[in-house]
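Residue strings, one per chain:
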There are 2 protein chains.
Amino acid sequence: MEESEILAKLPLVFTESALRQEMLTHGKFLKVNKDDTLIREGQYLDFLPIVIKGEIRVFQQKEDREILLYYVREGQTCMMSLSAAYFNHTSSSYGVATKPSEIFVFPTRLVNEWQLKYSSWNAYLIQTFRSRYDELLGSFESVAFDPIDKRVLSYLTERAKKENTAQIAISHQNLAYELGTTRVVISRILKGFEQQGKVKLFRGSIQLK
Amino acid sequence: MEESEILAKLPLVFTESALRQEMLTHGKFLKVNKDDTLIREGQYLDFLPIVIKGEIRVFQQKEDREILLYYVREGQTCMMSLSAAYFNHTSSSYGVATKPSEIFVFPTRLVNEWQLKYSSWNAYLIQTFRSRYDELLGSFESVAFDPIDKRVLSYLTERAKKENTAQIAISHQNLAYELGTTRVVISRILKGFEQQGKVKLFRGSIQLK
DNA sequence: GGGCTTGTGTATCTTTTGATACCGTTTTTT
DNA sequence: AAAAAACGGTATCAAAAGATACACAAGCCC
């Protein structure tokens, strides 16, 4: 990929041109396939990734179950990798591509160095932490206080807004996984919504009305 | 308070002596009473606090209910204040002292400046974010996956450990508040624990056995 | 002392959610 | 084409937790 193309895809928040230049100099462009595992629990991080295209699912594995932490999307970096890299700890989570993706990686030592040189890098890091925190807080509140049917509807409307379409492509099973419940519960609720005329159900997708 | 005393109470993580010196030069020492409100939603932050002694409760106010985010304890700073200060946003939460406390505050512009000068300050910030995230993640998992009785027991044993005593001073009502449930549920569960010989109940406190 | 507030025990009822099981359909794989 | 996997509908049952109501005791304020 051309340097200029990569530059164009780097988050706009990096205002210092010296920083952008350093990124190009030290960074490496990678393509990964769907379901490729980028990082496992227990690994040290040599590289910090920024997603250029695609999506990485970050989760923890506990005993029997999987805890979804967040998705790293275009222009974002992985908060867990970041702090692991910063303190030279091993990763406590997994990162797996949900689709064919392109990422840009640079040596972790730069994370520390750049903090002392570039304000916009600092802002990016703090923004990363803060927005993950807010996101998790939202999930927490919702799990703690909202009944599942409301959470289902919120999930659907938010995705509709984000993807700018009323047709949400997701199976009941995966929706159950996202919300931490079971397939039967989701099917039951969605059927109820359909009878109330709130949605129309298709195999593999849900249409908001 | 003597400068040397303050120095002694600052978190040890600030290894650069120049940073410690700057803190003393620019910082201001404050005493607050129990139930004093240090920061309200909507306020801009002029100062970033580090708690020297005591404890600050940080929470959000939503419609009818209150969401407890975390407690800021000795040596810690407030993550929400930090990021609000960093981006010059207003606070989205409240901070109230749970007991008479002593805090050390400095102008928020230093948050940014120090990042470019002191590695240990950066480490402190990232540590602050990461540990709040882990803490919230723990609560999330617990709310999402653990039945309430287990959460009650975890809460009690953790506090017992932290305070190094088997006698936990808390009312059923406040315990319900901490865990996001109701008084009746807590009373019911604790009574069950007592019958199983796990605890002994007193007015206003619970003894682990 | 008398009232008020806080803390606790407990019973009853209802709702929500999860667990399990079984069925039929569609899609993918072999 | 046959088999397997994924998808979705639905019924039944059980458990967890919240809502409400009432009672009584302890501590605090006048």
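Treat the numbers as computed from the prediction; the structure is a model and nothing was measured.

Let's shift gears to the interface of chain A and chain B. With 37 residues of chain A at the interface, the matching set in chain B holds 36 residues. For the pairing of chain A and chain B, the buried interface totals around 3,500 Å² over both sides, and the portion due to carbon and sulfur atoms is 71%. Our enumeration of links across chain A and chain B arrives at 2 salt bridges. Summed over the shared surface of chain A and chain B, the number is 10 residue pairs in polar contact (both at pLDDT 80 or more). Among the elements of the structure, β4 (56–62), β5 (65–72), α3 (79–87) and α5 (119–145) of chain A are those that each provide at least two residues to the side of chain A that touches chain B. The leading source of residues in the side of chain A that touches chain B is α5 of chain A, at 19 residues. Along the lines of polarity and charge, the residues of the side of chain A that touches chain B split into 21 nonpolar, 8 polar and 8 charged.

All right, on to the relation of the copies chain A and chain B then. By a simple turn and slide, chain A fits onto chain B: the slide is 0.0 Å along the axis, the RMSD is 0.2 Å, and the turn is 179°. When the rotation and shift are considered jointly, the pair of chain copies conforms to a two-fold rotation axis. When C-alpha distances to the rotation axis are compared across chain A, the minimum falls at Leu116 of chain A, with a value of 2.0 Å. Counting the interface residues of chain A, we find that 97% of their copies in chain B are interface residues as well, pointing to one common contact surface.

Our focus in this paragraph is the protein's contact with DNA strand D. Around DNA strand D there are 18 residues in total, and His172, Arg183 and Gly204 of chain A together with Ile148 and Thr181 of chain B lie nearest to it. Those atoms of DNA strand D that come within 4 Å of the protein belong to sugar or phosphate at a rate of 45%. Measuring from a phosphate oxygen of DNA strand D, one finds a backbone N or O atom of Ile148 of chain B at 3.0 Å. At 3.4 Å, a side-chain N or O of Arg188 of chain B approaches a base oxygen of DNA strand D. Among the elements of the structure, α8 (183–195) and β9 (199–202) of chain A together with α8 (183–195) of chain B are those that each provide at least two residues to the surface near DNA strand D. Tallying contributions element by element places α8 of chain A first for the surface near DNA strand D, with 4 residues. Broken down by class, the residue content of the surface near DNA strand D amounts to 7 nonpolar, 6 polar and 5 charged.

Residues and elements named next belong to chain B. Across the sheet, 3 strands lie side by side as β1-β7-β3; this open sheet has antiparallel pairing. The open sheet has two free edges, formed respectively by β1 (28–32) and β3 (47–53), since each of these has just one partner strand. Neighbour-to-neighbour, the strand axes of the sheet open up by a mean angle of 30°, direction not taken into account. Alignment of β1 against strand β7 (residues 101–107), held across 5 bridges, turns out to be antiparallel. Looking at β7, one finds that Leu30 is bridged to Ile103. Docked against the sheet, helix α2 (residues 17–26) engages β1, β3 and β7, running at close to 100° with respect to β7.

Note that Glu3 of chain B resides in helix α1 (residues 3–9). Owing to a relative accessible area of 47%, Glu3 of chain B belongs among the partly exposed residues under this scheme.

The next thing to look at is the UniProt feature "domain: HTH crp-type" (unreviewed entry) in chain A. Mapped onto the present numbering, the UniProt feature "domain: HTH crp-type" (unreviewed entry) falls at residues 146–209 of chain A. As annotated, residues 146–209 of chain A comprises 58% helix and 17% strand, and the C-alpha atoms at either end are separated by 22 Å.

A few words on the nonpolar core. Formed by 80 residues in total, the largest nonpolar core has its most connected members in Met23 and Trp121 of chain A together with Met23 and Trp121 of chain B. Sequence-distant contacts of Met23 of chain B, defined by excluding residues within four places in its chain, comprise Leu10, Phe14, Ile50, Phe104, Phe106, Trp114 and Trp121 of chain B. Within the second largest apolar cluster, 18 residues are counted, among which are Val152, Ala160, Ile170 and Leu208 of chain A.

Turning to the packing of α5 of chain A against helix α3 (residues 79–87) of chain B, a few remarks are in order. Taken N-terminus to C-terminus, the directions of α5 of chain A and α3 of chain B make an angle of 140°; their axes are 11 Å apart at the nearest point. One way to sum up the angle between α5 of chain A and α3 of chain B is to call them oblique. The way α5 of chain A lies across α3 of chain B gives a crossing that is left-handed. Contacts from Ser119, Asn122, Ala123, Ile126, Gln127, Arg130, Tyr133 and Asp134 of chain A in α5 of chain A reach Met79, Met80, Ser83, Ala84, Tyr86 and Phe87 of chain B in α3 of chain B. Among the residues making up the contact of α5 of chain A with α3 of chain B, the classes are represented as 8 nonpolar, 4 polar and 2 charged.

Residue and element names in this part refer to chain A. For chain A, the assigned domains are domain 1 (3–143) and domain 2 (146–208). Spacing between the C-alpha centres of domain 1 and domain 2 amounts to 29 Å. Contact residues are listed per partner, giving 8 residues for domain 1 and 5 residues for domain 2. Around 540 Å² of area is buried between domain 1 and domain 2 when both sides are counted, 36% of it from carbon and sulfur atoms. In terms of surface lost to domain 2, no three residues of domain 1 exceed Leu68, Ser142 and Val143, which account for 59% of the buried area on that side. At the surface where domain 1 touches domain 2, the tally comes to 0 salt bridges. Counting only elements with at least two residues in the side of domain 1 that touches domain 2, the list comes to β5 and α5. Tallied by class, the residues present in the side of domain 1 that touches domain 2 amount to 3 nonpolar, 1 polar and 4 charged.

Parameters and conventions
- Residues numbered from 1 in each chain as written.
- Chains lettered and ligands numbered in written order.
- Predicted model: local features only at pLDDT ≥ 70, side-chain atom pairs only at ≥ 80, totals over all residues.
- Heavy atoms only, no water.
- Contact = heavy atoms within 4.5 Å.
- Buried area = accessible area lost by both parts, 1.4 Å probe.
- Salt bridge = Lys/Arg side-chain N within 4 Å of Asp/Glu carboxyl O.
- Polar contact = N/O pair within 3.5 Å; in protein donor to acceptor, adjacent residues only side chain to side chain.
- Helix = DSSP H or I, 4+ residues; strand = E, 2+ residues; numbered from the N terminus.
- Nonpolar A, V, L, I, M, F, W, Y, C, P; charged D, E, K, R; others polar.
- Least-squares fit on C-alpha atoms with pLDDT ≥ 70 in both.
- Near = heavy atom within 4 Å.
- Pairing = 2+ DSSP bridges.
- Axes fitted to C-alpha atoms, helices over the stretch in contact; angles between N-to-C directions.
- Buried < 20%, exposed > 50% of the residue type's maximum accessible area, 1.4 Å probe, protein only.
- UniProt positions renumbered as here; feature names shortened; annotations may be inferred.
- Core = buried A, V, L, I, M, F, W, Y, C linked by side-chain atoms within 4.5 Å.
- Parallel < 35°, antiparallel > 145°, perpendicular 65-115°, else oblique.
- Left-handed = near helix turned anticlockwise from the far one by under 90°.
- Domains from an automatic or database assignment.

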